[in-house]
Amino acid sequence: MSPSKSPLGITGQDGSYLAELLIEKGYQVHGIIRRSSSFNTGRIEHLYKDAHENPKMRLHHGDLTDSTCLVHIISKVLPTEIYNLGAQSHVKVSFDMSEYTADVDAVGTLRLLDAIRTCGLAHLVRFYQASTSELYGQVQEIPQSETTPFYPRSPYGVAKMYAYWITVNYREAYNMYACNGILFNHESPRRGRTFVTRKITCAVASIKLGKQECLYLGNLDAKRDWGHARDYVEGMWRMLQQEKAEDFVLATGEMHTVREFVEKSFKAIGETIRWEGAAEEEVGFDSQGKIRVRVDPAYYRPTEVELLLGNPAKAAEKLGWKRQVEFDALVEEMVKADLTGVAAGDVFN
Ligand code: NDP
Ligand code: GDR
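Per chain, residues are indexed from 1 in the order of the written sequence. Each chain gets a letter, beginning with A, and each ligand a number, beginning with 1, in the order they are written. Under the rules for a predicted model, residues below a pLDDT of 70 receive no local features and side-chain atom pairs below 80 are neither given nor counted, while totals for whole chains, interfaces and linings still include all residues. Hydrogen atoms and water are omitted, and side-chain values are computed over all heavy atoms in the structure.

A. Structural context of the packing of helix α1 (residues 13–24) against helix α8 (residues 229–239). Their axes nearest at 9 Å, the elements α1 and α8 cross at an angle of 60°. Handedness of the α1/α8 crossing: right-handed. Each of Q13, D14, Y17, L18, L21 and L22 in α1 lies in contact with α8, whose residues at this interface are A229, R230, V233, E234, M236 and W237. Three categories are distinguished: nonpolar for Ala, Val, Leu, Ile, Met, Phe, Trp, Tyr, Cys and Pro, charged for Asp, Glu, Lys and Arg, and polar for the others, with Gly belonging to the last. Of the residues that constitute the contact of α1 with α8, the class distribution is eight nonpolar, one polar and three charged. Axis angles are defined between N-to-C directions and span 0 to 180 degrees, where every axis is a line fitted to C-alpha atoms and, for a helix, only to the segment in contact. A run of DSSP states H or I qualifies as a helix once it reaches four residues; a run of E qualifies as a strand once it reaches two. Both are numbered from the N-terminal end. Crossing handedness follows the turn of the near helix against the far one: under a right angle anticlockwise gives a left-handed crossing, and clockwise gives a right-handed one. Residue contacts follow a heavy-atom distance rule, with two residues in contact if any of their heavy atoms lie within 4.5 Å.

B. Structural context of the site of ligand 1. Throughout this document, a residue counts as near a molecule or strand when at least one of its heavy atoms sits within 4 Å of that molecule or strand. The environment of ligand 1 is made up of 25 residues, and the closest members are T11, R34, D63, S89 and Y156. Think of a polar contact as two N or O atoms within 3.5 Å of one another; within protein, one of them needs to be a possible hydrogen donor and the other a possible acceptor, and neighboring residues in sequence only count if both atoms come from side chains. In the model, an oxygen atom of ligand 1 is placed 2.8 Å from a nitrogen or oxygen of the D14 main chain. Within the side chain of S89, one N or O atom sits 2.6 Å away from an oxygen atom of ligand 1. Protein chains bury 90% of the 900 Å² of accessible surface belonging to ligand 1 in isolation. Among the elements that make up the shell around ligand 1, the one with the highest residue count is strand β5 (residues 126–132) (three residues). Of the residues in the shell around ligand 1, the class split is nine nonpolar, 11 polar and five charged. Calculation of accessible area relied on Shrake-Rupley with a 1.4 Å probe; when residues are assessed, cover is drawn exclusively from the protein chains displayed.

C. Representation of the packing of aromatic side chains. Aromatic contacts are taken between Phe, Tyr and Trp rings whose centres are within 6.5 Å, Trp giving its six-membered ring; a plane angle under 30 degrees counts as stacked, one over 60 as edge-to-face, and the others as tilted. Inspection of every chain in the model, using the stated rule, returns 10 aromatic pairs. Here the aromatic rings of F150 and Y164 are separated by 4.9 Å at their centres, their planes lie at 85°, and the arrangement is edge-to-face. Residue F150 is found in the loop between β5 and α6 (155–174), and its partner Y164 is found in helix α6; the two are separated by 14 residues along the sequence. Judged on exposure class, the residue F150 and its partner Y164 are both buried. A ring pair is formed by W226 and F327, whose centres lie 6.2 Å apart and whose planes are at 20°; its orientation type is stacked. Summary of the burial criterion: residues with accessible area below 20% of their type's maximum are buried, those above 50% are exposed, and those between are partly exposed, where the area comes from a 1.4 Å probe applied to protein chains only.

D. Focus on the site of ligand 2. Surveying the vicinity of ligand 2 reveals 23 residues, the closest of which are S89, T132, Y156, R301 and E304. Note that an oxygen atom of ligand 2 is positioned 2.7 Å from one of the side-chain N or O atoms of K199. Here an oxygen atom of ligand 2 and a side-chain polar atom of R224 are 2.9 Å apart. Summarising the interface, the protein chains cover 95% of the accessible area of ligand 2, which totals 700 Å² for the free molecule. Looking at the shell around ligand 2 residue by residue, the classes come out as nine nonpolar, eight polar and six charged.

E. Representation of the pairing of strand β4 (residues 81–84). Where burial is concerned, the two faces of β4 agree: the one with E81 and Y83 and the one with I82 and N84 are both buried. A pair of strands is treated as paired once DSSP finds two or more bridges between them. By the bridge criterion, four bridges tie strand β1 (residues 4–8) to β4 in an arrangement that is parallel. Considered in β4, the bridge of L8 is made with N84. Of the strand pairs in this sheet, β4 and β5 are connected by four bridges, and their pairing is parallel. Residue pairing across strands places E81 opposite R126, the latter belonging to β5.

F. Up close: the pairing of strand β6 (residues 177–183). Most of β6 sits out of view: seven of its seven residues are buried. Examined bridge by bridge, β5 and β6 share seven bridges and lie parallel to one another. The residue of β6 that forms the bridge with R126 is Y177. Orienting the strands away from the viewer, one traces the path from the first strand over the helix to the second; a clockwise path indicates a right-handed crossover. Traced from β5 through α6 to β6, the parallel crossover comes out right-handed. Examined bridge by bridge, β6 and strand β11 (residues 248–250) share three bridges and lie parallel to one another. Looking at the pairing, I182 lines up with V249 of β11.

G. Seen up close, the side chain of R259. Topologically, R259 is positioned in helix α9 (residues 258–267). The buried category is assigned to R259, whose relative accessible area is 16%. Polar contacts involving the side chain of R259 include one to the side chain of E282, which spans 2.4 Å. Not counting residues up to four positions away in its chain, the partners in contact with R259 are L220, D221, W275 and E282.

H. Highlighting the domain arrangement of the chain. Assigned domains within the chain: domain 1 (4–188 + 226–254 + 307–326) and domain 2 (196–221 + 257–304 + 331–344). What marks off one domain from the next here is an automatic or database domain assignment. Here domain 1 and domain 2 have C-alpha centroids that lie 30 Å from each other. Contact residues are listed per partner, giving nine residues for domain 1 and 15 residues for domain 2. Put simply, buried area is the surface a 1.4 Å probe can reach on two separate parts but cannot reach once they are joined, added for both. For the pairing of domain 1 and domain 2, the buried interface totals around 1000 Å² over both sides, and the portion due to carbon and sulfur atoms is 58%. Summed over the three residues of domain 1 that lose the most area to domain 2, namely K92, R153 and W226, the buried surface amounts to 52% of that side. Salt bridge, as applied in this entry: a Lys or Arg side-chain nitrogen positioned within 4 Å of an Asp or Glu carboxyl oxygen. Viewed at the interface, domain 2 and domain 1 are joined by zero salt bridges. One can count five residue pairs in polar contact (both at pLDDT 80 or more) joining domain 1 with domain 2. Per-element accounting of the side of domain 1 that touches domain 2 gives the leading share, three residues, to helix α4 (residues 91–96). Its residues assigned to classes, the side of domain 1 that touches domain 2 comprises three nonpolar, three polar and three charged.

As structure tokens, this is what we get:
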């Protein structure tokens, strides 16, 4: 039997790139998807169609809030690697749905680890946990590495901190091959449209095509370390190919503000943004003097993570991993994809 990989969260941004990578590597992929009243498989449609002729990918209905289904799927599939990418992954939404976020992101990870043990696979399965730079939250050190103390600033960050430690604990207690990838923000044309990068590139494309007047944003001064999702799924896979399970930071080592992301995105359509005013009154004008960006405090978070900058030295040394896509190329790719998508009336998500 060829080794099989099970990504949870296969319908998300990272899951879709990871599924592509694993199929390319010749593995059988079993994805777990949630039942939905509408199609939620847009990002993996191209892979699923192929599966009818060449069954390299199978989908199973399941949910991180349902232990029984996790046990059933794992005992049926007998995977060699499990990637837990499933999560309520939106930081702002986690303030509105804190209990649900804890159930899926924190307890869901525990359920999955216990399902592996229940199936008697603790020594056979390699487990990847999608940990996050949100664990660092309030700045303790710049740049942040595997040894930087955690100080999460949202229900999402706190839930992911439980998931981080339960992964470490199961590695130590049950000798499981279980790793945390502490990934800094990574984006792509498949990024959900409510995350700031994709919200910006979609709006810029819509403004260019005359379908939107103005983009409303929250904190323009937040700083993030943004890379390309395709590079990061390669790093996830490499983490599970080591002799010994360890935790790794994946990041670019470069930081930009939301404001810079806006400016670069407009530059990609040949437009320059001029800022006026401060804080909630700040606006961005285009070269014709039209207001194209406004601040809406509704997008502020009760507690904000102001600055994230990762140090990927350990991943470079031990995994031979390095980001391939530079910041400018990432922005250009996203704007270009959205120009095509908006023109065709066919945007992801
Ligand atoms: P997305 O939000 O795009 O995808 C999340 C996935 O989780 C979707 O497939 C979603 O299914 C699934 N999911 C949500 N709730 C459940 C549930 N209860 N049971 C099973 N599956 C569920 O996230 P990304 O692809 O961007 O991120 C992947 C993982 O990496 C997440 O855990 C995220 O927290 C983490 N992460 C992401 C970073 C980033 O910058 N992208 C950085 C660091 C960590 P559905 O499609 O049905 O909603
Ligand atoms: P983040 O990503 O919270 O870092 O979590 P997001 O793109 O949502 O926010 C990044 C920064 O931009 C600021 N911001 C806005 N954000 C959104 N979504 N919408 C806005 O209008 C807006 N205006 C300004 C935010 O305040 C923030 O500072 C992502 C998710 O993928 C997590 O799952 C993952 O763990 C982390 O990245 C690493």
